[in-house]
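Fold and geometry: a report
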Amino acid sequence: MMTAFNSFLKTSTTVHWPFSPMDYLIDRSQRTILFWDVLRKRGNNYLAHLKAGQPPVLVFDYEMVLDGRTFEQPVNYSLIRILDRRSQNNKPVEQSERRLTLQNKMTGSIQAIRPIVIIDPRAGHGPGIGGSKLNSQIGVAIDYGHPVYFVMFYVDPEPRQTIADVHAAEIRFLEEVAKRHPDAPRPAVIGNCQAGWAAALIGADRPDVTGPMVFNGSPLSYWGGVEGANPMRYKGGLCGGVWLTSLWSDLGKGQFDGANLVAGFEDLNPANTYWKKLYHLFYNIDTEEKRFLEFEKWWGGFFKMNTEEIHFIVDSLFVGNELEQGVLHLDEEKVINLKNFKDPIIVFASGGDNITPPPQALNWIKKVYGSVDEIKSHGQVIVYMVHEKVGHLGIFVSGKVARKEHRGIIGSVDMLDYLSPGLYEMVVEGNPSQPWLDDYEVHFEPRTMEDILELDDGLMDEEAFYPANTISRINDAMYRIFLRPWIRASISDKTAEAIRQMHPLRIERYIFSDLNPMLPPVKLWADLVKRYRLPIAKESPFLTMENVFSESMQISLNYYRDMRDLSLIH
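As enumerated under the stated definition, the model contains 22 aromatic pairs in all. Judged by centre distance (6.2 Å) and plane angle (40 degrees), the rings of tyrosine 279 and phenylalanine 282 are tilted. With tyrosine 279 and phenylalanine 282 both in helix H10 (residues 270-283) and 3 residues apart, this pair spans about one turn of that helix. Of the aromatic side chains, those joined through ring pairs into one cluster are Phe35, Trp36, Trp275, Tyr279, Phe282, Tyr283, Phe512 and Phe549. Of note, arginine 69 hangs over the ring of tyrosine 154, and the distance from its end group to the ring centre comes to 3.7 Å. In this structure, arginine 172 packs its charged tip against the face of phenylalanine 71, placed 3.9 Å from the ring centre.

Next comes the structure, spelled out in C-alpha cells:
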C-alpha cells in the first residue's frame, strides 16, 4: 500500500506545465505536518528540560568549581570550568604548547595564559547561550588556548538573596580563578547583556580581581537612545515605573517570573515573534529544525528572581540610571563609581540592537569621564566596536559574529595592555587568508567623545527621565502602602505557581506537546511525510506568492509596531 501511495504522489506531479499547483499543494501539506511536528518537539523538549532541572544549554563538557548555594550567604550561582573538547586522555593539553600570548611572543618568555571568565545574562532566560554551539565565545576562547570558566545560575533564587550577595559571590569566583592560575595575568571577564553591568560592578568595586573586561550588548546608560527608534526605554515610565515589578513579584509570592521579561523582549518585535521566525521555520522546514529547537530550548527556559533583586535592577538601574551617575548604592556602605576601572575595557554594541542600542552601551563613557583627556589621566584604555546590523541576540549567538568580532576581541585581550591610555575603536576587517582560519585584520583607531555622541541624537531628551524616576518611586511607595498588604495576604504558594503556569509563553509550549492528546498522531504523519517527502522547486510561482504574502504580513506587523512605538514616544 505504501508503494502504491508513493507511486501516486510521484505520478500526480507529472503534469503538462513546469510548476503544477498539485506540486505546491503536496509540498505545502507536507511542510504543514512537519511544522506542527517541530512545534510538538519544542513542547516536549521544554517538558524534558524542566524535568532535568533546566541545566545550562552549553554544548561543552564542564566540571564544578564552586557552588554558590553552599556559601555562608547562599546564592543560586556556580562557577564551572569548561573542559577542552580537544583534551587528551581527559587531561587538558598544556596551554604553553598551544599558544603564546602577544606578551610571550614579544618578550620570548613563557608565561601562563590568562584565564577567561564568561558570565551570561540572568534576564529571564537560563545560562549557556554564550556556549550553545562550538563556534561561540567559549569555543573561540578555547581555540586561543585560554582556560575558560563560566558563571552559571539556577532556576530558583536562594531565600533572601540580593544583588549584593550575587556580587560578592562573583568576586569570590574570580578570586578562585586567580588562585588556580597564580602565574597567569588576572582573568579577563566577558559579560553578555545584563551580565555586562554585573561585570562592571565588579570591575569598579574590586579592580584588583579583574583583568580586561568585555561588555557585549550591555546596558550601562539606561536613559540613552535615539528619539523615535528606541521606545523600550519609555515603557517603564509610561506604565508608572517600578511598581509593576513589585506587583508581579508579589503575585509570585516573593519571586519575579522571568517569563515576564521574555514576553517584554518578544513584544518589541511582533513581526518576528508572531510571524517571521515561524514562517522561516515553515519555509525551510527540511533544514531549520535543529537550529530552531536548540534556540527555543534556551529561549523557553524561564528563570526567577527574588523581589529584592528585580526591584534593585529596575529601580536603581533602568529607571534610576544610578550607575553612570556614580550614585549606585550596592548596599548601605558601598557606592559604585565606574571611574575605578583599572584594566582595559572593550564595549561591543550593534546598530541593529533594539534592546541595548549603542547609546545605552556607550554613553556612560562620556557621562563618567567627560573627555578623552580624563580617560588618559586615569591611565584607562577603553575600546568600543559597533556592528552595523546584527540584532541583540546575534551579538551572543551568531556564528558569523563569533568567527569575526569575538575572535577579534578575544584574540586582542592581551594586546590591550600595549595601547596608550585613551579611547579607541576596534576595527575588524579584511578577508581570512584561508576560509577555515577566520584570521581577520584587527586594528585600533583613536577616537573622540564626539564619535560616540554621533551614535545618539543628543542628550537633551534624557531630561524627561528625571521626573519619571521621581514619579516611579512615588507610585511604588503608594503601592507598597495601600495595595501590597492585600495582595500578599491573598496569594498562597499554590496560587503563585498557578499564575506562573498560566503564563502564555508556558501555555503555548504545553499545548503543542504530547500533553495534548490531539498531537501524538502528528508524529506518525510526520514520519510518513519524511519517508515520502516531495519538496517543491524554489522557483515555483506558487512559492513566490507565498513569500509575497509572508512579506506583506511582516510589513503589516511592523507598521503596527511603528505606530505603537510612536504613540509611546509622543
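Ranked by internal contacts, the top residues of the largest apolar core, which has 69 residues, are Trp197, Phe215, Leu323, Phe341, Trp364, Ile365 and Leu423. With residues up to four places along the chain from it excluded, the contact list for phenylalanine 341 reads Ala200, Gly203, Ala204, Met213, Phe215, Trp364, Tyr369 and Gln380. Ranked by size, the runner-up nonpolar core spans 51 residues in total, among them Val57, Ile142, Leu268 and Val383.

Attention now goes to the confidence of the model for the protein. Looking at the protein, the pLDDT average stands at 89 and 90% of residues meet or exceed 70. Note that pLDDT drops below 50 for residues 88-103; the model gives that stretch 29 contacts with residues more than four away or on any other chain.

Now for unusual backbone geometry. You will see that arginine 160, though not glycine, has its phi angle at about 65 degrees, which is positive. A positive phi is found at asparagine 321, a non-glycine position, where the angle reads about 55 degrees. Mapped onto the fold, asparagine 321 is located in the loop between helix H12 (307-319) and helix H13 (322-325). According to the relative accessible area criterion, asparagine 321 is buried, its value standing at 0%.

Moving on: a nonpolar patch on the surface. Among the surface-exposed residues, Ile474, Met478, Ile481, Phe482 and Leu483 lie close enough to one another that they form a single nonpolar patch of about 510 Å² accessible area. When you line up the elements, methionine 478 lands in helix H19 (residues 465-482).

Conventions we followed
- Residues numbered from 1 in each chain as written.
- Predicted model: local features only at pLDDT ≥ 70, side-chain atom pairs only at ≥ 80, totals over all residues.
- Heavy atoms only, no water.
- Phe/Tyr/Trp six-rings, centres within 6.5 Å; stacked < 30°, edge-to-face > 60°.
- Helix = DSSP H or I, 4+ residues; strand = E, 2+ residues; numbered from the N terminus.
- Lys NZ or Arg CZ within 6 Å of the ring centre and 35° of its normal.
- Core = buried A, V, L, I, M, F, W, Y, C linked by side-chain atoms within 4.5 Å.
- Buried < 20%, exposed > 50% of the residue type's maximum accessible area, 1.4 Å probe, protein only.
- Contact = heavy atoms within 4.5 Å.
- pLDDT = per-residue confidence, 0-100.
- Patch = residues over 30% accessible without salt bridge, like charges linked within 9 Å, V, L, I, M, F, W, Y side chains within 5 Å.
- Areas by Shrake-Rupley, 256 points an atom, 1.4 Å probe, with all protein chains shown as cover.
- Salt bridge = Lys/Arg side-chain N within 4 Å of Asp/Glu carboxyl O.

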